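# Architecture and fold: a report
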Amino acid sequence: MANRTGATSVDPGEARRWRNGVFVVFAVIGLVLASYLGRLPQIRDDLHASTLQVSMLTFGIAIGSVIGLVASGPVVSRVGSRRTLVVSLPAVGVTAIAAAAGAQAGVYVLTLAPLVLLGAAVSMSDVAMNLSGADNERALGRPVMPLFHASYSLGTVVGAVVAALAQAAHIGVLTHMVSVSAVLLVAGWFALRPLPYAAHDAGDHAPVSAAERWSVWRDPRTIAIGVVMLGMGLAEGSANDWLALAMVDDHHVSKPVGTFTFGLFVAAMTLGRVLGTSMLARFGRVRVLRACGVLAFVGLALVIFGPAWAAYVGVAAWGVGSSLGFPVGMSAAADDPRMAAARVSVVSTIGYVAFLAGPPVIGVLGQYFSILGGLVVVLVAIVAATVAAPAARERRGRSSVEKI
């Protein structure tokens, strides 16, 4: 196991335990976040909030996420991914409990303020766990990042199901979030134990100065990777926000069928991430990203321009095509261990713009045209991501097992 200086190698058994720990971290983050968001109808009723006020709650999470992403680069560079998670992971549970307590008390500001902190804690955990996952890829000598993101997707599915069951059983939001956060704290404690201090934390490299961290924003390769994550993030996020409604309003299916269609997208995306590891190992990042871009473009085009029956095929293709942009972008940004924290922070910030700006832009276009018409902007973003795919090309001449 790596010591405080990161000077020792990771043997295969330690690398596998490390991998399993990262799997758990990804899953519990998805579990808690989906559990809270799944209770928004109850939170709205507890707060007697309007639709606009509820949207401000989710926007508060987004604002906190951007703050956390900007801060994460220097923090993780200084203290390391493991130490960052030791603080940020419990903070996810604590802030989720605080936001639930505020909602149950019926006090809007005591709900909004913790949600901003929740967004910051989640995004800092996001950068740290992706960096640890990228280092683990190098230790294992094969791509596993898509599986980490598949674990997050599975965590969100479980969280959504738990939220639905808790709502049906009339369990209060505070009791629900205390229970889910307890799972996070216990599972997270065990998960973090095998995580080593990573190369970008260690003394193997000269410290990264503040000027070097800011210079990453001028690095063409880093920005191009950010474009990949922006385009594919918008492809994923637009489905989360608008797919079910688009199927109901524009393809005139029933509400249950609209919900089922969204489930089809999530299942296809999870499948793409599970299969993506072998595809990346065989064909490399650039070919896989280009194929995903074409698949996402064709799938979304079928949803927008095709009849309802073709839309289901399109949704499946859209889901698989959207699955690998974020995980592959994270791996590519972390190729250089010394600058990994700064670059992952930058590309994550660019990628999260999709989740901030995408929904309102599509909503405005949908107001004047249709939701499907608004989704045309996503086609443009997918093309941009596909064109930028060569920026994610693997670095050559590196050992598959490094000092981590």
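This text goes with the structure placed above it.
Heads up: these notes are all about the structure in this document. (Residues numbered from 1 in each chain as written. Predicted model: local features only at pLDDT ≥ 70, side-chain atom pairs only at ≥ 80, totals over all residues. Heavy atoms only, no water.)

## Considering the side chain of aspartate 126
By the element assignment, aspartate 126 lies in helix H5 (residues 109-140). Residue contacts for aspartate 126: discarding those within four places in its chain leaves Met330 and Tyr352. (Helix = DSSP H or I, 4+ residues; strand = E, 2+ residues; numbered from the N terminus. Contact = heavy atoms within 4.5 Å.)

## A short note on the pattern of salt bridges
Going through the model one piece at a time under the given rule, you end up with seven salt bridges. Residue arginine 138 is joined to aspartate 135 by a salt bridge in which the shortest nitrogen-to-oxygen separation is 1.9 Å. Residue arginine 138 and its partner aspartate 135 are both found in helix H5; the two are separated by three residues, about one turn of the helix. According to the relative accessible area criterion, aspartate 135 is buried, its value standing at 0%. A single salt-bridge network, built from bridges that share partners, covers Asp219, Asp336 and Arg343. (Salt bridge = Lys/Arg side-chain N within 4 Å of Asp/Glu carboxyl O. Buried < 20%, exposed > 50% of the residue type's maximum accessible area, 1.4 Å probe, protein only.)

## What to know about a nonpolar patch on the surface
Residues Val294, Phe297, Val298, Leu302, Val313, Val383 and Val387 make up a contiguous nonpolar surface patch of about 580 Å² in total accessible area. Elements with a minimum of two residues in the nonpolar patch: helix H11 (285-305) and helix H16 (376-387). Inspection of the secondary structure assignment puts valine 313 in helix H12 (residues 308-322). By relative accessible area, valine 313 is classed as exposed at 52%. (Patch = residues over 30% accessible without salt bridge, like charges linked within 9 Å, V, L, I, M, F, W, Y side chains within 5 Å. Areas by Shrake-Rupley, 256 points an atom, 1.4 Å probe, with all protein chains shown as cover.)

## Description of the packing of aromatic side chains
Scanning all chains against the criterion turns up four aromatic pairs. Here the aromatic rings of tryptophan 189 and phenylalanine 190 are separated by 4.9 Å at their centres, their planes lie at 85 degrees, and the arrangement is edge-to-face. Comparing tryptophan 189 with phenylalanine 190, the two get one shared label, exposed. Site record: aromatic cluster; members linked through ring pairs are Phe23, Phe26 and Phe148. (Phe/Tyr/Trp six-rings, centres within 6.5 Å; stacked < 30°, edge-to-face > 60°.)

## Describing the nonpolar core
Formed by 74 residues in total, the largest nonpolar core has its most connected members in Ile43, Val92 and Leu131. If you look at the next biggest cluster of nonpolar residues, it comprises 27 residues, including Leu234, Leu243, Leu372 and Ala381. (Core = buried A, V, L, I, M, F, W, Y, C linked by side-chain atoms within 4.5 Å.)

## Let's talk about the packing of helix H9 (residues 220-250) against H11
At a minimum axis separation of 12 Å, H9 and H11 run at an interaxial angle of 35 degrees. H9 and H11 meet at a crossing whose hand is left-handed. The segment H9 lies against H11, with Arg221, Val228 and Met232 engaging Arg285, Leu289, Cys292 and Gly293. Its residues assigned to classes, the contact of H9 with H11 shows four nonpolar, one polar and two charged. (Axes fitted to C-alpha atoms, helices over the stretch in contact; angles between N-to-C directions. Left-handed = near helix turned anticlockwise from the far one by under 90°. Nonpolar A, V, L, I, M, F, W, Y, C, P; charged D, E, K, R; others polar.)

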